[in-house]
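Chain residues, written in single-letter form:
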Protein chains: 2
Amino acid sequence: MERILGIDPGSRITGYGVIDAERNGLSFVACGVIKTTTDYPFSFRLNEIFEGINEVIQVHNPVIGAVEDVFLATNPRSALKLGHARGAAVVAAMQNGLTVYDYSPRAVKQAVAGYGQAEKPQVLHMVKALLSLNGSPSPDAADALAVAICHANQFHL
Amino acid sequence: MERILGIDPGSRITGYGVIDAERNGLSFVACGVIKTTTDYPFSFRLNEIFEGINEVIQVHNPVIGAVEDVFLATNPRSALKLGHARGAAVVAAMQNGLTVYDYSPRAVKQAVAGYGQAEKPQVLHMVKALLSLNGSPSPDAADALAVAICHANQFHL
């Protein structure tokens, strides 16, 4: 059994999803979002991401971090902000001894929905089906679960 | 007396510079660079930046972090990488309880050399003069000292 933490980083909302990959399939552990306080200075918001991921790891003890590659925005300013957020999340995982893997949005969609251009609702639908979820996770939490599933598929866990 | 840590983040080389701002002027404490291992995965390199900054703070106990804003590269991929590095450095400062301030390259040059378009050699010259340095710090360490000086000037320390 391997416990995987999927992370979908963002400067406003960072999604996380924890799953167990076992011989007989995947199972859901937890998911949620870390919302940063928009009227705080950016350095505080980065720290909120670091501490949020840190807390999720402390509570659920994953051994693998699977982090969605940031969508390469055409706007350098957005890329820069996303880079900061992703850096804070990756460092939180590294500091807790997780092995960190990166997956492109295309690879995640391919793994979960079988199609690299899959739309958000398809990804959500497949995440729910693959993890036998009754409720609907929020979009960012679902994306994070999808990254975790992508890692499990990649390594045939 | 206020001890300031200036940081010039970069994914390959992160410069740091520690100064004391006292009533009767500025004094040099330490400076150097954190070089990341280029053939390591990017997540390891971000962790090296985090741990490097962490160590500098543990050793020198600054209370303020002054971080150079990343030059807004026209290339979104570079902006993204720099954003990651800067995020790792900022989070290291925040985790150690430092108050973090951001300064644009222009503000730093203006503060140190009196001219926002100042060239690197002028900045280096002024950093050496303002801190009464005999030797020449490396370019990235000098830039980090310049950011720390910029903060001291900003607050009339």
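Residue indices follow the written sequence of each chain, beginning from 1 at its first position. As a convention, the first chain written is A and the first ligand written is 1, with the rest following in written order. The predicted nature of this model means local features are confined to residues of pLDDT at least 70 and side-chain atom pairs, given and counted, to a pLDDT of 80 or more, with totals for whole chains, interfaces and linings taken over all residues. Only hydrogens and water are set aside; all other atoms, that is, all heavy atoms of the structure, feed into the side-chain values.

Participant: For the sheet that holds strand 1 (residues 2-8) of chain B, give the residues involved together with the corresponding values.
Facilitator: By way of backbone hydrogen bonds, the strands of a sheet pair with one another, either parallel or antiparallel. All names here are of chain B. Should DSSP find at least two bridges between two strands, the strands are taken to pair. Under the scheme used here, helices are H or I runs from DSSP no shorter than 4 residues and strands are E runs no shorter than 2 residues, and both carry numbers assigned from the N terminus. Spatially, 3-2-1-4-5 is the arrangement adopted by the five strands of the open sheet, whose pairing is mixed. Here the strands that pair on one side only, and so sit at the sheet edges, are strand 3 (25-35) and strand 5 (99-103). The mean inter-strand angle of the sheet, taken between neighbouring strand axes irrespective of direction, is 20°. Pairing of strand 4 (residues 64-68) with strand 5, which is carried by five bridges, proceeds in the parallel orientation. Bridge pairing in strand 5 links Glu68 to Tyr103. Orientation is described by axes fitted as lines to C-alpha atoms, over the contacting stretch for helices, and by angles from 0 to 180 degrees between their N-to-C directions.

Participant: Outline the packing of aromatic side chains, supporting the account with residue identities and numerical values.
Facilitator: To pair, rings of Phe, Tyr and Trp, with the six-membered ring standing in for Trp, must have centres within 6.5 Å; the planes then decide the type, stacked if under 30 degrees apart, edge-to-face if over 60, and tilted in the middle. In total, this model carries three aromatic pairs over all chains according to the counting rule given. Both rings, one in Tyr40 of chain A and one in Phe44 of chain A, keep their centres 5.8 Å apart while their planes meet at 75°; by these two values the pair is edge-to-face. Classification of Tyr40 of chain A as partly exposed rests on a relative accessible area of 41%. Taken together, a centroid distance of 5.5 Å and an interplanar angle of 10° make the contact between Phe50 of chain A and Phe50 of chain B stacked. With one member in each of two chains, Phe50 of chain A in helix 1 (residues 42-60) and Phe50 of chain B in helix 1 (residues 42-60) form a pair that bridges those chains. A relative accessible area of 4% means that Phe50 of chain B is categorised as buried. Its guanidinium or amino end placed over the ring of Phe42 of chain A, Lys81 of chain A lies 5.5 Å from that ring's centre, counting from NZ or CZ. Burial classes follow relative accessibility: with a 1.4 Å probe on protein chains only, a residue under 20% of its type's maximum area counts as buried, one over 50% as exposed, and anything between as partly exposed. By definition, being over a ring means that NZ of Lys or CZ of Arg is both within 6 Å of the ring centre and within 35 degrees of the ring normal.

Participant: Go over the relation of the copies chain B and chain A, please, and point to the residues and values.
Facilitator: In superposing the copies, a least-squares fit is computed on C-alpha atoms, taking residues whose pLDDT is at least 70 in both. The two copies are related by a screw motion: chain B maps onto chain A through a turn of 180° and a shift of 0.0 Å along the axis, at an RMSD of 0.0 Å. Classification of the inter-copy transformation places it as that of a two-fold axis. With an isologous cut-off of 70% or more, the 100% of interface residues of chain B that recur at the interface of chain A puts this contact in the isologous class. It only takes one pair of heavy atoms within 4.5 Å for two residues to be counted as in contact.

Participant: Could you give me a rundown of the side chain of Asp20 of chain A, with the residues and numbers involved?
Facilitator: Residues and elements named next belong to chain A. Topologically, Asp20 is positioned in strand 2 (residues 13-22). Within the structure, the side chain of Asp20 is placed 2.7 Å from the side chain of Arg3, a separation counted as a polar contact. Apart from residues lying up to four places away in sequence, Asp20 is in contact with Met1, Glu2, Arg3, Gly25, Leu26, Ser27 and Val29. For this analysis, a polar contact is any N or O atom pair within 3.5 Å, provided that within protein one partner can donate a hydrogen and the other can accept it, and provided that sequence-adjacent residues contribute only side-chain to side-chain pairs.

Participant: Lay out the side chain of Glu68 of chain B with the relevant residues and their values.
Facilitator: Residue and element names in this part refer to chain B. Following the sequence through the fold, Glu68 ends up in strand 4. Charge assignment in this entry is limited to Lys and Arg as positive and Asp and Glu as negative, and neither His nor the chain termini are counted. The salt bridge criterion pairs a side-chain nitrogen of Lys or Arg with a carboxyl oxygen of Asp or Glu, the two atoms within 4 Å. Of the buried charged residues, Glu68 lacks a salt bridge, with Lys109 as the closest side chain of opposite charge at 6.7 Å. In this structure, Glu68 is in contact with Ile7, Asp8, Pro9, Arg86, Tyr103, Pro105, Val108, Asp143 and Val147, ignoring residues within four places of it in sequence.

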